[in-house]
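The residues making up each chain are set out below.
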4 protein chains.
Amino acid sequence: MLEQLKETVFQANLELPRQGLIKYTWGNVSAIDRETNLFVIKPSGVDYKTMQASDMVVCDLDGNIVEGTLNPSSDMPTHAVLYRHFPEIGGIVHTHSTWATTWAQAGLDLPAMGTTHADTFYGTVPCARFLTKEEIDQGYEEQTGELIAATFKERQIKPMEVPGVLLHGHGPFTWGKDADSAVMNAVVLEEVAKMNLFTRQLNSFAEELPQAILDKHYLRKHGKNAYYGQK
Amino acid sequence: MLEQLKETVFQANLELPRQGLIKYTWGNVSAIDRETNLFVIKPSGVDYKTMQASDMVVCDLDGNIVEGTLNPSSDMPTHAVLYRHFPEIGGIVHTHSTWATTWAQAGLDLPAMGTTHADTFYGTVPCARFLTKEEIDQGYEEQTGELIAATFKERQIKPMEVPGVLLHGHGPFTWGKDADSAVMNAVVLEEVAKMNLFTRQLNSFAEELPQAILDKHYLRKHGKNAYYGQK
Amino acid sequence: MLEQLKETVFQANLELPRQGLIKYTWGNVSAIDRETNLFVIKPSGVDYKTMQASDMVVCDLDGNIVEGTLNPSSDMPTHAVLYRHFPEIGGIVHTHSTWATTWAQAGLDLPAMGTTHADTFYGTVPCARFLTKEEIDQGYEEQTGELIAATFKERQIKPMEVPGVLLHGHGPFTWGKDADSAVMNAVVLEEVAKMNLFTRQLNSFAEELPQAILDKHYLRKHGKNAYYGQK
Amino acid sequence: MLEQLKETVFQANLELPRQGLIKYTWGNVSAIDRETNLFVIKPSGVDYKTMQASDMVVCDLDGNIVEGTLNPSSDMPTHAVLYRHFPEIGGIVHTHSTWATTWAQAGLDLPAMGTTHADTFYGTVPCARFLTKEEIDQGYEEQTGELIAATFKERQIKPMEVPGVLLHGHGPFTWGKDADSAVMNAVVLEEVAKMNLFTRQLNSFAEELPQAILDKHYLRKHGKNAYYGQK
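So, how was this worked out
The residue numbering used here restarts from 1 in each chain and proceeds along that chain's sequence as written. Here the convention is simple: chains get letters from A, ligands get numbers from 1, in the order in which they are written. In keeping with the predicted nature of the model, local features appear solely for residues at pLDDT of at least 70, side-chain atom pairs appear and are counted solely at 80 or more, and the whole-chain, interface and lining totals rest on all residues. In computing side-chain properties, one takes all heavy atoms of the structure into account and sets aside hydrogens as well as water. Note on definitions: a residue-residue contact is assigned when non-hydrogen atoms from the two residues lie within 4.5 Å. What gets called buried area is simply the loss in accessible area from a 1.4 Å probe that two parts show on being joined, summed for both. Every case where a carboxyl oxygen of Asp or Glu lies within 4 Å of a side-chain nitrogen of Lys or Arg is listed as a salt bridge. Each polar contact in these results corresponds to two N or O atoms within 3.5 Å; when the atoms are within protein, one needs to be able to donate a hydrogen and the other to accept it, and residues that are neighboring in sequence are counted only if both atoms are side-chain atoms. Each helix is a run of DSSP H or I of at least 4 residues and each strand a run of E of at least 2, with the numbering of both proceeding from the N terminus. Basically, the charged four are Asp, Glu, Lys and Arg, the nonpolar ten are Ala, Val, Leu, Ile, Met, Phe, Trp, Tyr, Cys and Pro, and anything else, Gly included, counts as polar. Angles here are taken between N-to-C directions and fall from 0 to 180 degrees, while the axes themselves are lines fitted to C-alpha atoms, restricted in helices to the stretch in contact. Relative orientations are named as follows: roughly parallel for angles under 35 degrees, roughly antiparallel for angles over 145 degrees, roughly perpendicular for angles from 65 to 115 degrees, and oblique for any other angle. What makes a crossing left-handed is the near helix being turned counterclockwise from the far one by less than a right angle; a clockwise turn instead makes it right-handed. When the copies are overlaid, the least-squares fit takes in C-alpha atoms only where the residue has pLDDT of at least 70 in both copies. Remark: exposure states derive from per-residue accessible area (1.4 Å probe, protein chains only) relative to the maximum for the residue type, with buried under 20%, exposed over 50%, and partly exposed in between. Here the rule is simple: two strands pair whenever DSSP picks up at least two bridges between them.

(A) Layout of the interface of chain C and chain D. Across the contact, 34 residues belong to chain C and 33 residues belong to chain D. Buried surface at the junction of chain C and chain D, both sides included, amounts to about 3000 Å², of which 58% is carbon and sulfur. Viewed at the interface, chain D and chain C are joined by two salt bridges. With its nearest N and O atoms 3.4 Å apart, the salt bridge here joins C:R220 to D:D75. Summed over the shared surface of chain C and chain D, the number is 15 residue pairs in polar contact (both at pLDDT 80 or more). Looking at the side of chain C that touches chain D, the element that brings in the most residues is helix α6 (residues 179-202) of chain C, giving twelve residues. Split into classes, the residues belonging to the side of chain C that touches chain D amount to 15 nonpolar, eleven polar and eight charged.

Here you go:
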């Protein structure tokens, strides 16, 4: 069942430690098959050295396990909710990567301060508030997904234009058209989080990127007339 | 004698440089066999490139060498004292890892500011005070262990809920149910120390993690109804 | 066509991730053949794992593609302009390396604070201002090159004495007599940017390097009577 | 001539990039044979990938080349002067390692703030002042050595108790009983420089290590009754 997607998700999970985004088994990657509306996610707490593609777990959008003998990542319900709310996305990544998590712990939005940011994120990456005790009791992981969706709706941010979020006191989620681009967006977010922190330390008056440069960089790569990369 | 445990302790010591926690021979790992109340610890100042499992030294809880031709780690008496005071623990790690040592040098408790912390440490990691000249003269390494135990008692912290400590001007000790989990806790402490330092720099008003989220993350992994990982 | 130069440029591009200057395909290196006034540059957005020397693109100084089936780096027109304005240079590098980009995002000139800087850069590395909307609309990449040239002219800096620049909100460009020295200058700039940031944090009154030491270090390596290295 | 020492010095130079202390050829290691008063030092600016033990240069204490076809490191005269003034030392290392150089650029002494420092350096590592124009004109590299010696004399620091120095605006020199221990001292200095910088940032009131702990750690490793390591 979804063997190809399992292999993709498996490889994308292995990419997390290679990119320095996680230690041990702290992260998780999933990808969805939009035809069947089933998604594949890594199992919970399995050592990356022994994990295999066949260990990946298949789930549906209500968070039910459809195939697999191992428990899925405990964050699986968050993935399900995000796939429900954001129909454009095909892959999701969650990590506790150092610098993005630092911003998340600080409870601050990550502003666009350079073109590295603008090449991937079309503006500020929002930091969603702490979950309340009520939300936690109601279902921590589902409510995390609901809070992300509500944050994007309330702030009128399009998930494919800003493919990531920070969770106050927790860490980042990123997404993309597939698992690989979600991982790449996690790498960019981590790097931008590091640079922006030190930018503000170096010059506390440092300005956000002017709109015209933000537009130029985002659109030359993702706009209608994009001319970055090969056709 | 305790050949299996020697191999475990040997491998756990090799893991320290692989995880970036030590340079040269600066750290030490031990593990105890609670049936015989003997523990195995690495020898002092032996190059990790040539060290073998058979070089591990066996000691008793009074700090006597029971087997081994090499001197044990000079911190051995601290390990003995901790095994005496904390009967639940099975392994101990000491390093001078960069960021945990930075907090130790700053003489500050490490507060829980995110879920990375909460997944392993159920609240603030305490920083024990400097040893006095009298304590040093009395037996520096033993008194270090006594001070750690006294700090946990006085502050009513359970050693298995907060499996680590900072020593003012020195560095971290961590522990766990066995050598491997003590190493993992050292990795988490180091990462959290790094993130929390920069979190406070980024936002000096950054709040500690709300109790409800601390509870949720710690208990979903370590509580009675834990659902993280595989059964 | 220019097969030797393609190999050189290809290898120099591969050196960028090895030196920790880029992630993915974020940077680009070019080199020029001054006899034909043609330069070779890497293609846009091609995975470094599969890229080959034959994928390099040959361009002329007006920014036309002379040979190659792939799109050149989207920053190609900046390279063309720099080769036109700076006839002494033979290679150009552009990266978003962490610390140089941090200074670029802060919008600050990078002062000479130590001999590591002085061994390569004979004084302050300038930070060019943001491009205006008009300049962007006129041709973003060309105007980036024009702005760099204008900055050096206005501030009377010789491009071979200070072989690099920061672009506000973007990142560094470096150059040199050939592709390899341009890469080496990018490595130096990155390291100096890191050290100077923390130097100022450690001591906000830290002085710039005295002129006599700046002269000594730059000139013992690059002056008429240089005695560094082998003849 | 001194083939054994050449091999030692060659290997010690290769250790610098492995320990992350240098990029390219920025550092140099030497070691002396006290019977003949000749020392061996690496050649200037030779790529570490092609450098061989036989490329090492033999010099005398007046800074004359005694054997070797390549130019010695341009810092060779500094080494000669240090060997003359500090008869106890057997090896010298110079690097521009990131964090030690940051303190050097800040022009600040490096205080003992933890036991990592105390295990190797018995107190503050001094920062020598900038050289004057007159000293530079008189012979930059020799005068650098003279300034280091004068700084230790004036401040009554014993070179084997504090085996290293920072040079304002430049970087660290370390030494030891031989080349290997000089390299190890460079590694310790770099790590301590990093930790102390962030310690002060975390807590600007952080205290220096109490004298009793400094004594204990330094002397348990280097004192008459040292009990660290194996006999």
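There is more to say, and it comes next.
(B) Geometry of the packing of helix α1 (residues 3-18) of chain B against helix α6 (residues 179-202) of chain B. All names here are of chain B. Across the interface, α1 lies against α6 with an axial gap of 9 Å and an inter-helix angle of 15 degrees. Considered as vectors, α1 and α6 are oriented roughly parallel to each other. Crossing of α1 against α6: the hand is right-handed. Residues T8, A12, E15 and L16 of α1 form the contact with α6, whose participating residues are A179, D180 and V183. Split into classes, the residues belonging to the contact of α1 with α6 amount to four nonpolar, one polar and two charged.

(C) Spatial organisation of the arrangement of the chains. Chain B makes no contact with chain C; the smallest distance between any of their C-alpha atoms is 12 Å. The two units chain A and chain D never meet; even their closest C-alpha atoms stay 12 Å apart.

(D) Molecular detail of the relation of the copies chain A and chain C. When chain A is brought onto chain C, the operation consists of a screw motion whose angular component is 90 degrees and whose axial shift is 0.0 Å, with 0.0 Å RMSD remaining. A rotation of that kind, with that shift, is consistent with a four-fold axis. Across chain A, the smallest distance between a C-alpha and the rotation axis is recorded for A:Q201, namely 5.9 Å. Comparing interface residues between copies, only 6% of those in chain A also sit at the interface in chain C, which points to a heterologous contact through distinct surfaces.

(E) The arrangement of helix α2 (residues 76-85) of chain D in detail. Residues and elements named next belong to chain D. Across the ten residues that make up α2, a large majority, eight, are buried. Among the residues of α2, those classed as buried are M76, P77, T78, H79, A80, V81, L82 and Y83. Elements that come into contact with the buried residues of α2 comprise β1 (28-33), β2 (38-41), β3 (57-60), β5 (91-94), α5 (133-154) and β8 (171-176).

(F) Structural view of the pairing of β3(D). All names here are of chain D. Of the two faces of β3, the one carrying V57 and C59 and the one carrying V58 and D60 are both buried. Relative to strand β4 (residues 65-67), β3 is paired through two bridges, and the arrangement is antiparallel. Bridge pairing in β4 links C59 to I65.

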